[in-house]
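Observations on the model geometry
Listed below are the residues making up each chain.
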Amino acid sequence: MSITEVKNNSTETVPSELEQYKLTRDDAERMYYFMALTREFENSILKLYRQGKIVGGAYTGRGNEATSVGSCYALDTTDYLFPMHRDMGAHLVKGQAPLQLYLQHLARGNGLTRGRDGTGHYADTELRIYGNISHLGAMIPVANGVALASKNRKEKSVVLTYIGDGGSNVGDFHEALAMASVMKLPLILIIENNQFAYSTPLHKQYACENLSDRAVGYGIHGVTIDGTDVIKVYDETKKAADRARAGEGPTIIESVTMRMHGHSAHDDASYVPEELLNEWKKRDPIERFEKKLFHWNILDEEKKEKLYEEINRLLSDAAEEAVNEPYPHGSEVTDGVYAKE
Ligand SMILES: Cc1ncc(C[n+]2csc(CCOP(=O)(O)OP(=O)(O)O)c2C)c(N)n1
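The present account deals with the structure reproduced in this document. (Residues numbered from 1 in each chain as written. Predicted model: local features only at pLDDT ≥ 70, side-chain atom pairs only at ≥ 80, totals over all residues. Heavy atoms only, no water.)

1. A word on the packing of helix 3 (residues 65-73) against helix 9 (residues 230-245)
Where helix 3 meets helix 9, the axes come as close as 7 Å, and the angle between the chain directions of the two elements is 40 degrees. Classified by the angle between their axes, helix 3 and helix 9 sit oblique to one another. Note that helix 3 runs across helix 9; the crossing there is right-handed. Only Val 230, Val 233, Tyr 234 and Thr 237 of helix 9 make contact with helix 3, whose side of the interface consists of Ala 66, Thr 67, Val 69, Gly 70, Ser 71 and Tyr 73. Residues that form the contact of helix 3 with helix 9 fall into these classes: six nonpolar, four polar and no charged. (Axes fitted to C-alpha atoms, helices over the stretch in contact; angles between N-to-C directions. Helix = DSSP H or I, 4+ residues; strand = E, 2+ residues; numbered from the N terminus. Parallel < 35°, antiparallel > 145°, perpendicular 65-115°, else oblique. Left-handed = near helix turned anticlockwise from the far one by under 90°. Contact = heavy atoms within 4.5 Å. Nonpolar A, V, L, I, M, F, W, Y, C, P; charged D, E, K, R; others polar.)

Right, dumping it as structure tokens:
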């Protein structure tokens, strides 16, 4: 790792790897915080699932934290986010409170979907988070619609959404990109290539070299990056957002990662070769970044311990509060379904 000692305005030394992307030491620490928060939050969801408290499935993005955090970190507050089931980090970076996320997963009556859903299918219009639509690919045309509205209103807001390697094969993906490219919509699509679509490995899914090669067919910008490198993900998303704001249309970013758990908590992923998992463990996105932060003196053991204590206190307080909230009352079952006279 090479560091050029560069002074920034606050007289702190900024490692050249951060400086070249106009990131500060605080930015780096925040990205680390959000990756750690994401993993700890998802660990607690798995615990609640095993305790029988989660109403739906429990999907985690272990291995994907650099992609979800780095990409959303590149957004402005006025941009729109359409996350998928591995993107808890993006929810958190966009400002979603852990309490809201627990209420949602626990299907409590005062959650964002008022107990109608037990995972991440919610919208929070204030934070500009929309989604997730479970039917793979179906969210991209909706994201297109928001991107078109933003363009028509001359808002300069961009729309960031995600799809898996498996999801990138459905028809909606193609139709949405065909439309987004000709209309030059301010859309950023991250293909999270995490090696498996449920139990289907990559070689049974596509025959091209990179999934970003598909961008050529739409005449748009496409790039493949290491999805375990939070700074790289941030940088490519930021560049895509800058292009989108300048009216240059959509970008496909293929972010290569590994799904380090089963498809969801019920799946032991026995079909994933252990050697493959062991290889990817060496590229754990949080550990990789942590090493850099230690090297740059942004983090040390004491600071790390405090940060994890803070995160775990925040999460256990929020989880306890959410667990004690009631489920929706049966009498409310048709609320939001039929128009009231
Ligand atoms: C159109 C459609 N087909 C099937 C499913 C069921 N399903 C949900 S997630 C999933 C695997 C998705 O794999 P991928 O897109 O690679 O994303 P990953 O889960 O690996 O992140 C499947 C088959 C679905 N939700 N929608």
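2. Topic: the pattern of salt bridges
Applying the stated rule across the entire model yields 18 salt bridges. Notably, a salt bridge pairs Arg 288 with Asp 226, separated by 2.8 Å at the nearest N-O pair. With Arg 288 in helix 11 (residues 285-295) and Asp 226 in strand 8 (residues 221-226), this residue pair connects regions lying 62 residues apart in the sequence. On the basis of relative accessibility, which here comes to 27%, the residue Arg 288 falls in the partly exposed class. (Salt bridge = Lys/Arg side-chain N within 4 Å of Asp/Glu carboxyl O. Buried < 20%, exposed > 50% of the residue type's maximum accessible area, 1.4 Å probe, protein only.)

3. A closer look at a negative patch on the surface
A surface patch of negative charge is lined by Asp 300, Glu 301, Glu 305 and Glu 309. One can find Glu 305 in helix 12 (residues 301-323). Residue classification places Glu 305 among the exposed positions, given a relative accessible area of 53%. (Patch = residues over 30% accessible without salt bridge, like charges linked within 9 Å, V, L, I, M, F, W, Y side chains within 5 Å. Areas by Shrake-Rupley, 256 points an atom, 1.4 Å probe, with all protein chains shown as cover. Lys, Arg positive; Asp, Glu negative; His and termini not counted. Charge placed at Lys NZ, Arg CZ, Asp CG, Glu CD.)

4. Comments concerning the packing of aromatic side chains
Here the structure, examined in full by the defined rule, presents six aromatic pairs. Look at Tyr 33 and Phe 34: their rings are 5.4 Å apart centre to centre, the planes differ by 75 degrees, and that puts the pair in the edge-to-face class. Pairing Phe 41 with Tyr 102 gives two aromatic rings, centres 4.7 Å apart and planes at 50 degrees, and the pair type is tilted. Highlighted residues: Phe 41 in helix 2 (residues 25-50) and Tyr 102 in helix 5 (residues 98-105), separated in sequence by 61 residues. Accessibility assignment for this pair places Phe 41 and Tyr 102 in one class, buried. Site record: aromatic cluster; members linked through ring pairs are Tyr 80, Phe 82 and Tyr 130. One cation-aromatic arrangement involves Arg 108 over Tyr 327; the distance from NZ or CZ to the ring centre is 4.2 Å. Over the aromatic face of Trp 280 sits the side chain of Arg 283, whose NZ or CZ is 4.2 Å from the ring centroid. (Phe/Tyr/Trp six-rings, centres within 6.5 Å; stacked < 30°, edge-to-face > 60°. Lys NZ or Arg CZ within 6 Å of the ring centre and 35° of its normal.)

5. Observations concerning a positive patch on the surface
There is a patch of like positive charges on the surface, built from Lys 151, Lys 154, Lys 156 and Lys 184. The exposure class of Lys 151 is partly exposed, given its relative accessible area of 37%.

6. Quick look at a nonpolar patch on the surface
Together, Met 179, Val 182 and Met 183 make up an exposed nonpolar region whose accessible area comes to about 270 Å². With respect to the helices and strands, the residue Met 183 is situated in the loop between helix 7 (171-182) and strand 5 (187-193).

7. Here's the deal with the sheet that holds strand 3 (residues 80-82)
Taken in spatial order, the five strands of this open sheet run 3-4-5-9-8, and their pairing is parallel. The open sheet terminates on both sides in strands that have one partner only, identified here as strand 3 and strand 8. On average, each strand axis in the sheet is inclined to that of its neighbour by 20 degrees, with strand direction left out of account. Along the sheet face, helix 6 (residues 139-152) touches strand 3, strand 4 (159-164) and strand 5 and points at about 170 degrees away from the line of strand 4. Running at roughly 150 degrees to strand 5, helix 7 makes contact with strand 4, strand 5 and strand 9 (251-256) of the sheet. (Pairing = 2+ DSSP bridges.)

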